[in-house]
Amino acid sequence: MLEQKIAQIKKEALAEIAAVESLGVVGELRVKYLGRKSEFTGILKSLKDMSEDERKTIGQLANLIKTEIETAFVEKEKELKEKSFDFAAEKIDVTMPAKKLQRGHLHPLSRIQYEIEDIFTSMGFEIADGPEVETEFYNFDALNIPKDHPARDMQDTFWIKNNEQLTADNKQQEKIVMRTQTSDVQIRFMEKHTPPFRIIAPGRVFRRESTDTTHDHTFHQFEALMVGEDITVGNLKFVAEQFFSKFFKADVEIRLRPSYFPFTEPSFEFDINCLVCGGKGCSSCKWAGWLELGGAGIVNQNVFEAVGYPRNKYQGFAWGFGLERLAMMKYKIDDVRLFHSGDLRFVKQF
Ligand code: FA5
């Protein structure tokens, strides 16, 4: 009886396995025929109540059939997996062009800064640095701009609120500013070095002014300072010309206008002809044909004295050029505010 039952289960199971078309149904059939609650498992469980002879013959038969059904399941699964593999979807066309990776790149101002640093280091200049949050002493006093000097009004200043507190010995704390110029680095460098030397100091500066196409509240300057015993305006002009021809790879006209800075004597305003409009006049040069690039001059002896150098022993030239203004000329940009606008459409063009 039981042998017939087992043979019957085998017949039905193999027939159903042969007909099945999906992997999900194979799982269901496995539960139906070999699961814990299946008829087949019931027979196996009842072996313990049988006589020894019966247990032996039925047991052997049941195990044989179980293996056969299990093998049929495994083969069916293999067959269905192979059938369902979508070769078309898995195909790789090795001749297709690769997907373009989105890559970041340097901001145009950083590029300009590195380019300037390369040119000056190739001319034997060192690169110096100073803090953006600066004391009144380095930003003004040591540069021959005492407290009530009208020259302080030349650069509208962001003052940091700290001067209400007193120091431990009851003195007014030194006033702190967001530096208005990179000229502070002149003082910081000279305090620690003895001439001869030549440096540039690129950096960010801040001014409390209303913005327009050539003025922003945050911008960059790069200071140059060359000091020795026989430095003249000739050196200033020569170094500037060398720099411009390397930087613009084009003929650039330079114009020095007499000006006033407390830390230089004589002082100049340094203009170059506008490369955006070729001198005809445009918004980059405010229709002047010339763009004011920076201030320059021969270092005032009062500044040397402030850093402890003997008066009249050394001569030097210094300048402070606007980095954005240089970038505007190089890339023909007509509004300085674009640099800090955060507009990716602008930045991605470089
Ligand atoms: C100065 O800042 C002096 N420290 C320069 C100097 C250094 C003179 C060493 C002598 C010796 P001035 O305020 O003119 O000077 O600024 C220098 C340059 O910074 C300007 O010619 C211009 O190119 C740039 N600049 C000034 N204000 C702004 C602004 N708001 N936005 C963008 N660039 C500016």
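All values derive from a computational prediction rather than experimental measurement. Each chain carries its own residue numbering, running from 1 in the written order of its sequence. Two thresholds apply to this predicted model, a pLDDT of at least 70 for residue-level local features and 80 or more for giving and counting side-chain atom pairs, whereas whole-chain, interface and lining totals are computed over all residues. Hydrogens and water are ignored here; the side-chain numbers use all heavy atoms of the structure.

(A) Up close: the overall build of the protein. Runs of H or I in DSSP of at least four residues are treated as helices and runs of E of at least two as strands, each being numbered from the N terminus. A tally of helices and strands in the protein yields 12 helices and 10 strands. C-alpha atoms define the radius of gyration in this analysis, and the globule rule sets the expected value at 2.2 Å times the number of residues to the power 0.38. Here the C-alpha radius of gyration of the protein, 42 Å, is well above what a compact globule of 350 residues would show, namely 20 Å. Counting only C-alpha atoms, the protein reaches 125 × 60 × 40 Å along its principal axes. Classification of the 350 residues of the protein by burial places 43% in the buried group. Here, residues are in contact when the closest pair of their heavy atoms is within 4.5 Å. Partitioning the intrachain contacts of the protein with sequence separation of at least 6 by distance along the chain shows that 67% fall at a separation of at least 24. Note that His is not counted, nor are the chain ends; the positive residues are Lys and Arg, and the negative ones are Asp and Glu. Working definition for charges: the position is that of NZ of Lys, CZ of Arg, CG of Asp or CD of Glu. Each charge sign in the protein was given a centre, from 48 positive and 54 negative side chains, and these centres are 4 Å apart. Partly exposed residues are those whose accessible area sits between 20% and 50% of the maximum for their type, while under 20% is buried and over 50% is exposed, using a 1.4 Å probe and protein chains only.

(B) Inspection of empty space enclosed by the protein at higher detail. Residues are said to line a cavity or pocket when one of their atoms sits within 4 Å of a point; the points come from a 1 Å grid over protein atoms alone, cavities being sets where a 1.4 Å probe fits but cannot get out and pockets being open sets with protein on both sides within 12 Å along at least five of seven lines. Grid points are joined across faces, edges and corners, and a volume is the space filled by probe spheres set on the points. In total, this model carries one cavity of 30 Å³ or more according to the counting rule given. If you add up the space inside the largest cavity, you get close to 30 Å³. Gly is placed with the polar residues, together with every amino acid not listed as nonpolar (Ala, Val, Leu, Ile, Met, Phe, Trp, Tyr, Cys and Pro) or charged (Asp, Glu, Lys and Arg). In terms of residue class, the lining of the largest cavity is built from six nonpolar, one polar and no charged.

(C) Representation of the environment of Lys-246 within the structure. In this fold, Lys-246 is placed in helix H9 (residues 233-248). Through-space distance from the C-alpha of Lys-246 to that of Glu-115 is 9.7 Å; in sequence the pair is 131 residues apart. With residues near it in sequence (within four places) discarded, Lys-246 still touches Ile-119, Ser-122 and Met-123.

(D) The side chain of Lys-76, seen in detail. Here Lys-76 is to be found in helix H4 (residues 52-84). Within polar-contact distance, the side chain of Lys-76 engages the backbone oxygen of Ala-18 at 3.1 Å. Ignoring sequence-local partners within four residues, the contact set of Lys-76 consists of Ile-17, Ala-18, Val-20 and Val-26. Polar contact is the term for a pair of N or O atoms within 3.5 Å; when the atoms are in protein, one must be able to donate a hydrogen and the other to accept it, and sequence-neighboring residues count only if both atoms are side-chain atoms.

(E) Fine view of the sheet that holds strand S3 (residues 159-160). Two strands form a pair only when DSSP identifies at least two bridges running between them. With antiparallel pairing, three strands are arranged side by side in an open sheet as S2-S4-S3. In the strand order of this sheet, the two ends are held by strand S2 (133-135) and S3, each with one partner. Strand direction decides the pairing type here: S2 and strand S4 (residues 176-178), joined by three bridges, are antiparallel. Paired with Thr-135 across the two strands is Ile-176, which belongs to S4.

(F) Geometry of the site of the ligand. Here a residue counts as near a molecule or strand whenever at least one of its heavy atoms sits within 4 Å of it. Around the ligand sit 26 residues in total, of which Gln-181, Arg-207, Glu-209, Glu-292 and Leu-293 are the nearest. Here a nitrogen atom of the ligand sits 2.9 Å away from a polar atom, N or O, in the side chain of Ser-183. If the ligand stood free it would expose 680 Å²; the protein chains cover 96% of that surface. What decides whether a molecule sits in a cavity or pocket is whether more than half of its atoms lie within 2 Å of the grid points. When atom positions are compared with the pocket grids, the ligand is found to occupy the largest pocket. Those elements that place two or more of their residues in the shell around the ligand are strand S6 (218-228), strand S8 (264-273), strand S9 (290-299) and strand S10 (315-322). In terms of residue count, the dominant contributor to the shell around the ligand is S9 (five residues). Along the lines of polarity and charge, the residues of the shell around the ligand split into seven nonpolar, 12 polar and seven charged. The protein chains shown are the only cover counted for residues, whose accessible areas, like all others here, come from Shrake-Rupley with a 1.4 Å probe.

(G) Broad picture of the packing of helix H1 (residues 2-19) against helix H3 (residues 39-46). To obtain an axis, a line is fitted to C-alpha atoms, over the contacting stretch when the element is a helix, and the angle between two such axes runs from 0 to 180 degrees between their N-to-C directions. Close contact between H1 and H3 brings their axes to 10 Å; oriented N to C, the two are set at 150 degrees. For the element pair H1 / H3, the angle class is roughly antiparallel. Regarding H1 and H3, the two cross each other, and that crossing is left-handed. Along the contact surface, H1 presents Leu-2, Lys-5, Ile-6 and Ile-9, while H3 presents Glu-39, Phe-40 and Ile-43. Oblique is the label for any angle not covered by the other classes, which are roughly parallel (under 35 degrees), roughly antiparallel (over 145) and roughly perpendicular (65 to 115). In this scheme the crossing of two helices becomes right-handed for a clockwise turn of the near helix relative to the far one and left-handed for an anticlockwise turn of less than a right angle.

(H) View of the packing of aromatic side chains. Here a pair means two rings of Phe, Tyr or Trp (six-membered ring of Trp) with centres within 6.5 Å. Their orientation is stacked below 30 degrees between planes, edge-to-face above 60, and tilted elsewhere. Per the counting criterion, the structure on display carries 27 aromatic pairs. Note on Phe-120 and Phe-125: the rings are 5.1 Å apart at their centroids and 75 degrees apart in plane angle, and the pair reads as edge-to-face. On the accessibility criterion, Phe-120 (0% relative accessible area) is buried. Taking relative accessible area as the criterion, Phe-125 reaches 5% and is therefore assigned buried. For a lysine, the NZ atom is tested; for an arginine, the CZ atom; a charge sits over a ring if that atom is within 6 Å of the ring centre and within 35 degrees of the ring normal. Sitting above the plane of the Trp-159 ring, Lys-175 keeps its charged end 4.6 Å from the centroid.

(I) Region of the structure containing the state of the cysteines. Two cysteine sulfur atoms form a disulfide, by the criterion used here, when they sit within 2.5 Å. Within the structure shown, the criterion is met by zero disulfides. Sulfur of Cys-282: no disulfide; nearest cysteine sulfur belongs to Cys-277 and is 3.7 Å away. With a relative accessible area of 12%, Cys-282 lands in the buried category. Not part of a disulfide, Cys-285 finds its nearest cysteine sulfur in Cys-274, a span of 3.8 Å. Classification of Cys-285 as buried rests on a relative accessible area of 4%.

(J) Broad picture of the domain arrangement of the protein. For the purposes of this description, domain bounds are those given by an automatic or database domain assignment. Entries for the protein in the domain assignment read domain 1 (2-90) and domain 2 (108-347). Relative placement of domain 1 and domain 2: their C-alpha centres are 88 Å apart.

(K) Main features of the environment of Lys-147. Here Lys-147 is to be found in the loop between helix H7 (136-139) and S3. A relative accessible area of 47% means that Lys-147 is categorised as partly exposed. For the pair Lys-147 and Lys-348, spaced 201 residues apart in sequence, the C-alpha separation works out to 44 Å. Residues within four places of Lys-147 in sequence aside, it is in contact with Glu-136, Asp-141 and Arg-152.

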